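Residues per chain are reported as follows:
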Amino acid sequence: MEKMMANLQRSLLADDLLGEAEADPLHAAQDIMYDAWECGTKRERVALAKQALGISDLCANAWLLLAEEEAKGVVERRAALERAVAAGEEAVRHVLGEEAFEEEEGHFWGILETRPYMRARAALAECLWEMGDRDEAVAHWRDMLRLCPNDNMGLRHVLAPKLLHLNLFEATRELLDEYEEPDFAEWGYTDALLKYKQGGATSVANKALVAAIKNNPHVPAYLLGEKHLPNQTPPHYALGSKDEAVLYVLSSGETWTSTKGALTWLSETAKNTL
């Protein structure tokens, strides 16, 4: 899809601007990455990513691919992701101007040239969270939502349970209220657990949990260990599906298990609801 968008954008340029774009090494490197994404083997993808970086070291997508497919261990992956973010930031300024991060605030991701940077930064935030640098990870997610409040990447669904895990109750509530998506498991169950953490099994918390369970009845079984999580992470999901439940538990299971009494409350409520 992005390759098609890039080609369309290129076709709309005037001849003189098109020639200038074609001569940009970053443009050529990104074209190689479009091919890399379509390759069937890891070896081919890695080789093309390295070829792209040989043309332009500002190609954040290439650094990102190497972080995901070649890095050995989380420390090496973090270093590659930090290079990807730095390259992506420099590339944005190179293509859109030095003031791009101020002038284009609110429109990121909608601008094709910002996507490698946004992708790399999201991956870095996940890596930081995994390594235990959780305040830094949350800072990345929150700032990315500032740059792109439309949130085409769905970062709000990642951030909400993370804020709750850190007991940032006010920030969690603000995010839930800003987007208001109760039909999603991330929203409904996060809302219920937030209310429980703030005041226990009140009628308000109970009502929120019942609503969440009705929207996705598969979550309790996975959270309570009655069903085993699959070996592979679902690539996508539908609202109310088992795949959505799995993704929610992978992101929020730690918060439920670390909240005293929460799983017992969940178990009892589920028995009375399902």
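Just above, that's the structure.
This write-up is about the structure you can find in this document. (Residues numbered from 1 in each chain as written. Predicted model: local features only at pLDDT ≥ 70, side-chain atom pairs only at ≥ 80, totals over all residues. Heavy atoms only, no water.)

Counting 80 residues, the largest nonpolar core has Y189 and W256 as the members making the most contacts within it. At ten residues, helix α8 (residues 115–131) tops the list of elements feeding residues into this core. Not counting residues up to four positions away in its chain, the partners in contact with W256 are Y189, L193, L209, L223, Y248, A262, L263, W265 and L266. (Core = buried A, V, L, I, M, F, W, Y, C linked by side-chain atoms within 4.5 Å. Buried < 20%, exposed > 50% of the residue type's maximum accessible area, 1.4 Å probe, protein only. Helix = DSSP H or I, 4+ residues; strand = E, 2+ residues; numbered from the N terminus. Contact = heavy atoms within 4.5 Å.)

Moving on, we come to the packing of helix α11 (residues 169–179) against helix α12 (residues 185–199). Where α11 contacts α12, the axes come no closer than 11 Å and their chain directions differ by 145 degrees. Crossing of α11 over α12 shows left-handed handedness. Side by side, α11 and α12 meet where F169, T172, R173, L175, L176 and Y179 of the first sit next to W187, T190, D191, L194, K195, K197 and Q198 of the second. (Axes fitted to C-alpha atoms, helices over the stretch in contact; angles between N-to-C directions. Left-handed = near helix turned anticlockwise from the far one by under 90°.)

By the definition in use, this model includes 16 salt bridges. Two residues, D177 and R173, come together in a salt bridge whose shortest N-O distance is 3.3 Å. One end of the pair is D177 and the other is R173, both in helix α11 and four residues apart, which spans about a single turn. By relative accessible area, which is 42% here, D177 ends up partly exposed. For R173, a relative accessible area of 25% translates into the label partly exposed. One salt-bridge network, held together by shared partners, links R78, E82, D133 and E136. (Salt bridge = Lys/Arg side-chain N within 4 Å of Asp/Glu carboxyl O.)

This brings us to a negative patch on the surface. There is a patch of like negative charges on the surface, built from D57, E90, E98, E99, E102 and E103. Relative to the assigned elements, E102 resides in helix α7 (residues 100–103). (Patch = residues over 30% accessible without salt bridge, like charges linked within 9 Å, V, L, I, M, F, W, Y side chains within 5 Å. Areas by Shrake-Rupley, 256 points an atom, 1.4 Å probe, with all protein chains shown as cover. Lys, Arg positive; Asp, Glu negative; His and termini not counted. Charge placed at Lys NZ, Arg CZ, Asp CG, Glu CD.)

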